[in-house]
Amino acid sequence: MQIYWTPIQRVVQEAPDTYTFQLELPDGFTWDEGAHTHFALEGFNKEDKPNRSLIRHMSISTLPREGAIGITTRIKRECSEFKSILRDMKIGEQVAIFKTHSNVPLKREGKNVYLLSAGVGLATFRPIVLAYLANGEGVPHLHSLNVDTSANYLFNNVFTSSNDFTAEFVDSRPNYYKRVETMAEDQDGLFYLVGSDDFLRETIAMLRERGITREQIILDKRDFQLEDFLK
Ligand SMILES: Cc1cc2nc3c(=O)[nH]c(=O)nc-3n(C[C@H](O)[C@H](O)[C@H](O)COP(=O)(O)OP(=O)(O)OC[C@H]3O[C@@H](n4cnc5c(N)ncnc54)[C@H](O)[C@@H]3O)c2cc1C
């Protein structure tokens, strides 16, 4: 396993508690849209066993052609040890990334794609939207629906409706479910879901009740975890 140690180049505040940490792109490091990585802080591999309190899964919110690895996360006042260390890190300090993989690349199968996310889950979809805007082949229409009860919606410059891409934000779960109901009328669509486990389970239940099959539901999970959600 290759571990890339790379410095923080820039920190962008996206919303009151939400930050994108832009990391320098190491030579030869690349990824597909929708990828996640293991993001770790200094000391995580000092002992025989990795220190899990210093490692988190994080999506990469950028594309390689943007020239930086973006990690977007919420850091509230009350937060884990991991987030409080991250919040205090300075530009130039190094973090580690390893085991990078995309479970959710954009499927170009001639079907409409619906990206359903909660809160900062939108970060996973940002590079998928950028990949689509650069090349819409095989996807007649792309639609994003994000629910965020803080109403501090992220990435407004990318999530702006244009011809074949539409973006929608709602600030409550009831409004979110109302919109999902309408989308499920597209019985041939592909539904990508990113959010908490509860969010995933509730959205899956709603889609399945409306005739969407498990093959049409795409989760950012490994094969062995999918069964648990989609059974
Ligand atoms: C494939 C995958 C991709 C992911 N991508 C992302 C991503 O792009 N961005 C992202 O942010 N997360 C992502 N996650 C989730 C991420 O790995 C973390 O689980 C998540 O960010 C929570 O981090 P944390 O455990 O450090 O807790 P925190 O975010 O610090 O806390 C979680 C909650 O607990 C509360 N809390 C924590 N500590 C305390 C305390 N001491 N006292 C009171 N309340 C407290 C916080 O207020 C918060 O509401 C991803 C997970 C997976 C599996």
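Check the entry above for the structure.
Cut-off values and rules
- Residues numbered from 1 in each chain as written.
- Predicted model: local features only at pLDDT ≥ 70, side-chain atom pairs only at ≥ 80, totals over all residues.
- Heavy atoms only, no water.
- Helix = DSSP H or I, 4+ residues; strand = E, 2+ residues; numbered from the N terminus.
- Buried < 20%, exposed > 50% of the residue type's maximum accessible area, 1.4 Å probe, protein only.
- Contact = heavy atoms within 4.5 Å.
- Pairing = 2+ DSSP bridges.
- Axes fitted to C-alpha atoms, helices over the stretch in contact; angles between N-to-C directions.

Turning our eyes to something else, we now look at the environment of Tyr-176. If you trace the backbone, Tyr-176 turns up in helix 3 (residues 173–183). Here Tyr-176 falls in the buried class, since its relative accessible area comes to 0%. For Tyr-176 and Pro-50, which are 126 residues apart along the polypeptide, the C-alpha to C-alpha distance reads 39 Å. Beyond its immediate sequence surroundings of up to four residues, Tyr-176 is in contact with Leu-116, Leu-145, Val-147, Val-170, Phe-199 and Thr-203.

Moving on, we get to the sheet that holds strand 5 (residues 68–74). Sheet architecture is open: six strands sit in the order 4-3-6-1-2-5, paired in antiparallel fashion. The open sheet terminates on both sides in strands that have one partner only, identified here as strand 4 (55–59) and strand 5. Going across the sheet, the axis of each strand differs from the next one's by a mean of 40°, ignoring polarity. Looking at chain direction, strand 1 (residues 4–15) and strand 2 (residues 18–24) are connected through six bridges and run antiparallel. Pairing of Ile-8 across the sheet is with Leu-23, part of strand 2.

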